[in-house]
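Architecture and fold: a report
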Amino acid sequence: MTEGEGIRVRFAPSPTGALHIGGARTALYNWLVARHSSGTFVLRIEDTDRERSTKENIEQIYDALRWLELDWDEGPYSQAERVDRHREEIKRLVDEGHAYFDEGAVRLRVPDEGSTTVHDVIRGEIVFEHQAIDDFVIARSDGSPLYNLAAAVDDRDMGITHVIRGADHISNTPRQLMILEALGSKAPVFAHLPLLHGTDGKKLSKRHGAASVQELRDQGYLPAAVRNYLALLGWGFDDSTEYFTTGELIRNFTLERVSKSPAVFDEQKLRWMNGRYLREMDAAELAELLERETGRSGLQPAVEVTQEKMQTTTDFWKLAGWLYERRPTDEKAWSKVMKDGAAENLARAREALANVEPFDQAGVEQALTALVDELDLKPGKLYQPIRVAITGSTVSPGIFESVALLGRDETLSRIDDALARAR
RNA sequence: GGGGGCGUGGUCUAGUGGUUAGGACGCCGGCCUUUCAAGCCGGAGGUCACGGGUUCGAUCCCCGUCGCCCCUACCA
């Protein structure tokens, strides 16, 4: 916990579009390492590809990181704005004979013999024979620097001690190491995270659909739940713990426990976990959040009766929307429930509810249970027709609270409509 | 083609030279119950990729094979 005073990590996304969960996880792991060791989390935008590095794309990254509450201590630095530094080092490499011009471009000289070893915290030592690596280009013929050079120089200049990034960079690492060596610089520690794959087994990318951070936000996930879930995609703590507050994540996260094999994003499990976070909030807090999202007010009573059923905040409207607007009746529900004397029972329920005083949950419950006794019915025979009449569906919160929340006038009116239709 | 990485139920993972291979999501069933969830209980599902070794004994150690993925760009 203390040896980390000097630890400096960076998240260095290239702004090619929305930040997807793979990038988000890389950011999270870097952030966790920094916070765990009281180190520094640097944000650097790798925008040397001018075509794709639009202002909007860059803004999306900030936006995603802010929503995830992954705050950076330094930056954001723009790699593009550092081209003078890159050019300086390219010139130096050429001047010192480490690199040479080839048809206008600059290539680094890679020795034919020997090897470069990557020391990876997660994977151990990885050896690359030089003969398998060509002299690679470090600057275009227009003089602009290429990724491997820019990344190596920036990591060095920014004092990065731990490079934590996706495993797709493993093969780039020996190249960056060779640049660093030619520059006479020390190598940072590397940690290559297992890639995230789509269900098709391929590296996760834009084309895998609902995988961007902003989509998760729009679908009603909580940042804390997303962080918890993402932490688990490629990292495990012990044989039974998987629910971690952010503080626990910071305390327990170590690179040594990161797994080596690729993982597949499973939205079902995220949904489950998000539901768990939702249920642990208190109703007032959740109501406030939903009021912010929907622009409505006074949602707490509705939240109290639906909270246990929600998995995402967007579920709220599906579950409670009938309280605020009449929903078209689900025909399957109607035909399933409105038979065998259901209309008569519903009519009796209407009578009973018309006289409930006060019209609250206890009053409704008393009236309805008394009626069930009187008619000698299975409770569902009475409650389901009411449910369908007022919500349009066989699925809703508890019937007593539902009726009480809807209020007498609206309840009776909806029952009347149902009765009219039933006859 | 060359180089590199990875391989534990459908998915995420724990694990050790000797375990009934543990947990979670999902799935199925039960309880609860006014529906659906939640919660609790139970169940199905794994030849620990395959084949050889080493060993009294391998999921775990070694070698090979296969599969998947990444890099092999004047992309990042």
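Okay, so let's go over this structure. Predicted model, so just to flag it, every value in this text is computed and none were measured. (Residues numbered from 1 in each chain as written. Chains lettered and ligands numbered in written order. Predicted model: local features only at pLDDT ≥ 70, side-chain atom pairs only at ≥ 80, totals over all residues. Heavy atoms only, no water.)

Describing the overall build of chain A
- Scanning chain A from terminus to terminus reveals 18 helices and 12 strands.
- Relative to the compact-globule value of 22 Å for 423 residues, chain A shows a C-alpha radius of gyration of 30 Å, a clear excess of over 25%.
- Each of the three principal axes of chain A carries a C-alpha extent, and together these read 100 × 45 × 35 Å.
- Within chain A, the fraction of its 423 residues that count as buried is 50%.
- Here the analysis covers contacts within chain A between residues at least 6 apart in sequence; of these, 72% occur between residues at least 24 apart.
- Approximately 20000 Å² of chain A is accessible, and the part contributed by carbon and sulfur atoms is 47%.
- Distance between charge centres in chain A, computed from 53 positive and 70 negative side chains, equals 3 Å. (Helix = DSSP H or I, 4+ residues; strand = E, 2+ residues; numbered from the N terminus. Rg over C-alpha atoms; globule rule 2.2 N^0.38 Å. Buried < 20%, exposed > 50% of the residue type's maximum accessible area, 1.4 Å probe, protein only. Contact = heavy atoms within 4.5 Å. Areas by Shrake-Rupley, 256 points an atom, 1.4 Å probe, with all protein chains shown as cover. Lys, Arg positive; Asp, Glu negative; His and termini not counted. Charge placed at Lys NZ, Arg CZ, Asp CG, Glu CD.)

Comments concerning the packing of aromatic side chains
- This structure, assessed with the given rule, holds 10 aromatic pairs.
- In this structure an aromatic cluster arises from ring pairing among Tyr29, Trp235, Phe237, Phe244 and Phe253.
- The lysine or arginine in question, Arg175, covers the ring of Phe136, its NZ or CZ lying 5.8 Å from the ring centre.
- A cation over an aromatic ring shows up here: Arg421 above the ring of Trp334, its NZ or CZ 4.1 Å from the ring centre. (Phe/Tyr/Trp six-rings, centres within 6.5 Å; stacked < 30°, edge-to-face > 60°. Lys NZ or Arg CZ within 6 Å of the ring centre and 35° of its normal.)

So, the pattern of salt bridges
- Counted by the stated rule, this structure contains 36 salt bridges.
- For Arg292, the salt bridge is made with Glu288, and the minimal N-O distance between the two is 3.9 Å. Here Glu288 and Arg292 lie together in helix α10 (residues 283-294), a separation of 4 residues that amounts to about one turn.
- The exposure class assigned to Arg292 is exposed, which follows from its relative accessible area of 59%.
- Asp417 is the partner of Arg326 in a salt bridge, and the nearest nitrogen-oxygen pair spans 2.4 Å. Linking Arg326 in the loop between α12 (315-320) and α13 (331-337) with Asp417 in helix α18 (residues 408-422), this pair joins segments that are 91 residues apart in sequence.
- The class of Arg326 is partly exposed, set by a relative accessible area of 41%. (Salt bridge = Lys/Arg side-chain N within 4 Å of Asp/Glu carboxyl O.)

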